[in-house]
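Each chain, letter by letter, is given below.
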Amino acid sequence: MTADDNRRSDDTAMRSRFGMTKAGEPLSLNRAPCDELAPWVARIFAVDVDAPDDHLIDCGLCADTPILRMLFRGRWTAKTRYGVGAYERAAAFFGPQSRLMPVRIRGGFATLGVALKPGAVSTLKGPDVADTLDRIIYYDDIFGDHTWGTSEQLMKWFDPDGAPERWLRVAEKLLVQLIERAGAKTPDPIIEAFDKAAFADPNLNLADFASDHAVERRRLERLVKKAYGQTPKQVLRRARALDIAANLIGVADSSEAEEIALRYYDQSHLIREFSAFFNNTPKRFAKNKHPLLAIALEARQARRMEVLGRVSPGGDLPWRKLG
C-alpha cells in the first residue's frame, strides 16, 4: 500500500465546516438563489473542507448542470474530455458531465459554486453546452472582461477566509451584473417544465410530455439538446443514475429508495446502466467514499426536493435530520 493509499483511507483526516453525513461524507452550505436569479441559477453552494496538506481525495464529479466554480483552496487535477488538467486558485466553468469525471484534490479545499439551470448558458451568451461536456474551462475564456469578470479580479471580490454565506451573497450580486450585461432572456419555459418532469420521473414518455405541453416532439428534442448538450434520452438516463448514486451515498430521501430502483427493468439493467456512468457496480460503489460526488449530489437532491415541493426552500432535508 502506498503513502497515498494510506492517506486516502484515513477518513478522519477530513473535516467540513458544514458537517458530515452519517457515512462520513462532507456537506456543503447550499441553497436556492435569490428570486432575482431564479430563472437562470439552479443552486449556489459553498464548500470548506480542512485536511492535511498531503491528504489526497481521489474521487470524481457527475453533474447535470454547468457550474461556475471559484477554487479558493486545494490543488485540483481532473481527467477532462481533452486530457488531465491542473487547477488552483481560479474561476472556472465546469461543463455538465456525461459520466463520472475523475477528480483529485490534494490538501483541504474551499470552493464557491453556482449551478446554472438548463438553457441559462445560451441566454447568457455562453458557449454551446454540448461543447462544454466533460470539460473545465477558465472563466476568462468564456465570460471574462476588463471590468470585473477576469478570474484574477473575481478572486479579489472574495475573502477566502471570510464567512461562506457572504461568498454566496457576493456571487449573487456578480451574477445579477452578468445577466444584465448579457441582456439575458429567461430560458424557454418548456425546458423548465422538462427539468421538473425529469426530477419527478426520469422514465417519462417524451411523446406524452410533448403532447401535454403542446410542443412538437422534434422541436422539444432540439430544445433539450441545446439546453443540456445531450439528447432527452441521455438526460433521463443520467437523471436515473444520479438518483441511485445519491441514495447509495446517503444524500437522498430513503423513503424513495424502492421507487428509484424500480425505474430499471431488473437488477442486471440497473447494474449495467449504473456502471456505465460510475465505472462501478452499485454494491462496490456503496462501499467506497465519494466526498466530492457527495457534495454535488446533495446539492442536486436538495434542489430536486424543493422543485418537486417535497420540502420548502431552506426546509429540513430528510438526510440531514438528526436521529
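A brief look at the structure comes next.

In terms of helices and strands, the protein chain carries twelve helices and nine strands. Relative to a compact globule of 323 residues, whose C-alpha radius of gyration would be 20 Å, the protein chain shows 19 Å and is just as compact. Structurally, the protein chain occupies a C-alpha span of about 55 × 50 × 40 Å along its principal axes. Looking at the protein chain as a whole, 54% of its 323 residues qualify as buried. Taking all contacts inside the protein chain whose residues are at least 6 apart in sequence as the whole, residues at least 24 apart take part in 74%. Of the roughly 14900 Å² of accessible surface on the protein chain, a fraction of 49% belongs to carbon and sulfur atoms. Taking the average place of the 48 positive charges on the side chains of the protein chain and the average place of its 44 negative ones, the gap between the two points comes to 3 Å.

Turning our eyes to something else, we now look at unusual backbone geometry. Positive phi outside glycine occurs at Lys-125, with the angle close to 65 degrees. Overall, the relative accessible area of 60% leaves Lys-125 in the exposed class. Phi at Ala-214 takes a positive value of approximately 50 degrees, unusual for a residue other than glycine. Here Ala-214 lies in the loop between helix H6 (206-212) and helix H7 (217-228).

Once that is clear, we can look at helix H5 (residues 189-200). An ideal rise of 1.5 Å per residue puts 16 Å on twelve residues; H5 measures up with 17 Å between its terminal C-alpha atoms. If you check which residues of H5 are buried, you get Ile-190, Ile-191, Phe-194, Asp-195, Ala-198 and Phe-199. Where the residues of H5 are buried, they touch H6, H7, helix H8 (232-249) and helix H12 (291-307). Measuring from the backbone nitrogen of Ile-190 back to the side-chain oxygen at the start of H5 gives 2.8 Å, which picks out Asp-188 as the cap.

Counting 49 residues, the largest nonpolar core has Trp-76, Val-103, Phe-109, Phe-278, Leu-292, Leu-293 and Leu-297 as its most contacted members. Of all the elements in the fold, those that place two or more residues in this core are strand S3 (41-50), strand S4 (56-61), strand S5 (67-80), strand S7 (90-94), strand S8 (101-116), H8, helix H10 (267-278) and H12. Residues contacting Trp-76, with those up to four places away along its chain left out, are Leu-71, Gly-85, Ala-86, Tyr-87, Phe-94, Val-103, Arg-104, Ile-105, Phe-109 and Thr-111. Core analysis: the second largest hydrophobic core is formed by 36 residues, Ala-110, Leu-154, Leu-168 and Ala-182 among them.

Along the chain, Gln-234 turns up in helix H8. Note on Gln-234: relative accessible area 35%, which makes it partly exposed. For the pair Gln-234 and Ser-98, spaced 136 residues apart in sequence, the C-alpha to C-alpha distance is 8.3 Å.

Here the focus is the packing of H5 against H7. In the contact formed by H5 and H7, the axes pass within 10 Å of each other and the chain directions differ by 80 degrees. Judged by the inter-axis angle, H5 sits roughly perpendicular to H7. Along its contact with H5, which presents Ile-190, Ile-191, Phe-194 and Asp-195, the element H7 presents Leu-220, Leu-223, Val-224, Ala-227 and Tyr-228. Residues belonging to the contact of H5 with H7 are distributed by class as follows: eight nonpolar, no polar and one charged.

A separate point is the environment of Asp-58. Examined against the element boundaries, Asp-58 turns out to sit in strand S4. Measuring from C-alpha to C-alpha, the distance between Asp-58 and Arg-106 comes to 8.8 Å, with 48 residues separating the pair along the chain. A polar side-chain atom of Asp-58 sits 3.1 Å from a polar atom in the side chain of Arg-104.

Here is what the cut-offs are and how they apply
Residues numbered from 1 in each chain as written. Predicted model: local features only at pLDDT ≥ 70, side-chain atom pairs only at ≥ 80, totals over all residues. Heavy atoms only, no water. Helix = DSSP H or I, 4+ residues; strand = E, 2+ residues; numbered from the N terminus. Rg over C-alpha atoms; globule rule 2.2 N^0.38 Å. Buried < 20%, exposed > 50% of the residue type's maximum accessible area, 1.4 Å probe, protein only. Contact = heavy atoms within 4.5 Å. Areas by Shrake-Rupley, 256 points an atom, 1.4 Å probe, with all protein chains shown as cover. Lys, Arg positive; Asp, Glu negative; His and termini not counted. Charge placed at Lys NZ, Arg CZ, Asp CG, Glu CD. Expected span 1.5 Å × (residues − 1). Polar contact = N/O pair within 3.5 Å; in protein donor to acceptor, adjacent residues only side chain to side chain. Core = buried A, V, L, I, M, F, W, Y, C linked by side-chain atoms within 4.5 Å. Axes fitted to C-alpha atoms, helices over the stretch in contact; angles between N-to-C directions. Parallel < 35°, antiparallel > 145°, perpendicular 65-115°, else oblique. Nonpolar A, V, L, I, M, F, W, Y, C, P; charged D, E, K, R; others polar.

Any functional reading would require information beyond the geometric quantities listed.
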